[in-house]
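Each chain, written out:
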Amino acid sequence: MLGLALLGAAAGAGGMWLADRVAPGDLTGADRVRIERVVRDYVLAHPEILPEAMEKLQQREAAKAVASRRGAIEQPYESAWIGNPDADVTLVEFYDYNCGYCRASLPTIERLVREDPKLRVVFRELPVLAPSSRTAARAALAAAKQGKFKAFHDALYARGQVSDATIADAARAAGVNVAAIPDDADDAIRQNLTVAEALGINGTPSWVIGDQVLTGALPIDRLKDAIAKARAR
């Protein structure tokens, strides 16, 4: 169905666009139909372009979604960020403490900040993998409110499987009072979930860099490339 929808878009809107480029406003209805048919026949003969076209369409829609929610995406919750406060590029990570790929991405994030003095990284809780993910997210927000987010973040990931015991142990190591859950913690988590849905994010780690939305434990060169593109804009 997705391919058919794209094919229709290519033969319809794409054909109309091409017709207007050839002779804006001067083509008859029959001419336009013929051009649309050429576009349709080309897509049918070269279906390999569909994935690329779908990717570009998704990127364009994601860029629109990011632009309309940039404040909610890039504004950190209290101290849940690292890097340069006056950065020219902000990388946002949506993460879950039960996500092994998020844990594996920690050294990559540290290296990015170390090598790029104009970068800021904002961390957004996306507790989707297990009930304990939400408990950990609420504790992380308490740490952020107390100005100790990064210490708690690293300590909890270092302890492996998330549980009440490992959350409490990480909190002690970071000097965080996890009993003092912020009143707006659940609202903050709910907002992250809403924003993630609007961006088409359904897994962790996911990244927002400029107007790009990326997913997965990406190699550092891929993230650097996205940062460079955001900086160039």
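As shown above, the structure is provided for reference.
Attention in this report is confined to the structure presented alongside it. Only a predicted model underlies this, so the values are computations on that prediction, with no experimental measurement involved. (Residues numbered from 1 in each chain as written. Predicted model: local features only at pLDDT ≥ 70, side-chain atom pairs only at ≥ 80, totals over all residues. Heavy atoms only, no water.)

1. Structural notes on the pairing of strand E5 (residues 212–215)
Burial along E5 is one-sided: Gln-212 and Leu-214 are buried, and none of Val-213 and Thr-215, which face the opposite way, are. Counting the residues between successive antiparallel strands, the hairpin from strand E4 (residues 206–209) to E5 contains two residues, one of them, Gly-210, with a positive phi of roughly 65 degrees. (Buried < 20%, exposed > 50% of the residue type's maximum accessible area, 1.4 Å probe, protein only. Helix = DSSP H or I, 4+ residues; strand = E, 2+ residues; numbered from the N terminus. Pairing = 2+ DSSP bridges.)

2. Some details on the sheet that holds E5
The strand order across the open sheet formed by five strands is E1-E3-E2-E4-E5, and the pairing between neighbours is mixed. Either end of the sheet is taken by a strand with one partner, and the two such strands are strand E1 (81–83) and E5. Direction aside, neighbouring strands of the sheet carry axes that sit 20 degrees apart on average. Each of E1, strand E2 (89–95), strand E3 (119–125) and E4 is contacted by helix H5 (residues 100–115), which is oriented at about 155 degrees to E3, the strand it contacts most. (Axes fitted to C-alpha atoms, helices over the stretch in contact; angles between N-to-C directions. Contact = heavy atoms within 4.5 Å.)

3. Describing the side chain of Ser-206
For Ser-206, the location among the structural elements is in strand E4. Among the polar contacts made by the side chain of Ser-206, one reaches the main-chain carbonyl oxygen of Gly-203 at a distance of 2.7 Å. At 3.3 Å, the side chain of Ser-206 forms a polar contact with the side chain of Thr-215. Apart from the residues within four sequence positions on either side, Ser-206 is in contact with Val-92, Glu-93, Phe-94, Ile-201, Leu-214 and Thr-215. (Polar contact = N/O pair within 3.5 Å; in protein donor to acceptor, adjacent residues only side chain to side chain.)

4. Observations regarding the packing of aromatic side chains
Within this structure, the stated rule accounts for six aromatic pairs. Following the ring pairs from residue to residue traces out a cluster consisting of Tyr-95, Tyr-97, Phe-123, Phe-149, Phe-152 and Tyr-157. (Phe/Tyr/Trp six-rings, centres within 6.5 Å; stacked < 30°, edge-to-face > 60°.)

5. Quick look at the side chain of Ser-79
Among the structural elements, Ser-79 can be located in the loop between helix H4 (70–74) and E1. Polar contacts involving the side chain of Ser-79 include one to the main-chain carbonyl oxygen of Ala-144, which spans 2.8 Å. In this structure, Ser-79 is in contact with Ala-143, Ala-144, Gly-147, Lys-148 and Phe-149, ignoring residues within four places of it in sequence.

6. Structural notes on the nonpolar core
In terms of nonpolar packing, the biggest core is built from 45 residues, with Leu-91, Tyr-95, Tyr-97, Phe-149, Phe-152, Trp-207 and Ile-209 touching the most fellow members. Take this core: its biggest share by element is seven residues, from helix H6 (residues 131–145). Val-92, Phe-94, Leu-126 and Ile-201 belong to the second-largest nonpolar core, a separate cluster that totals eleven residues. (Core = buried A, V, L, I, M, F, W, Y, C linked by side-chain atoms within 4.5 Å.)

7. Let's talk about helix H2 (residues 29–45)
The end-to-end C-alpha distance of H2 is 24 Å, a good match for the 24 Å that 17 residues give at a rise of 1.5 Å each. Taken together, the buried positions of H2 are occupied by Arg-32, Ile-35, Val-39 and Val-43. Projected down its long axis, H2 carries its buried residues within an arc of 80 degrees, all on one side. In H2, the exposed positions angled more than 90 degrees off the buried face are occupied by Val-38 and Ala-45. (Expected span 1.5 Å × (residues − 1). Arc of directions from axis to C-beta.)

8. Looking at the pattern of salt bridges
Tallying each qualifying case throughout the model produces 16 salt bridges. Residues Glu-74 and Arg-70 are paired through a salt bridge, measuring 3.1 Å at the closest nitrogen-oxygen approach. Here Arg-70 and Glu-74 lie together in helix H4, a separation of four residues that amounts to about one turn. One salt bridge in this structure joins Arg-222 and Asp-225, with 3.8 Å as the shortest N-O distance. Here Arg-222 pairs with Asp-225, and both are found in helix H10 (residues 220–232), just three residues apart, close to one helical turn. Residue class for Asp-225 comes out partly exposed when judged on its relative accessible area of 34%. Residues joined in a network through salt bridges with shared partners are Asp-88, Asp-116 and Arg-231. (Salt bridge = Lys/Arg side-chain N within 4 Å of Asp/Glu carboxyl O.)

9. Comments concerning unusual backbone geometry
For the bond running from Thr-204 to Pro-205, omega is -5 degrees, close enough to zero to count as cis. Of note, Pro-205 is situated in the loop between helix H9 (185–198) and E4.

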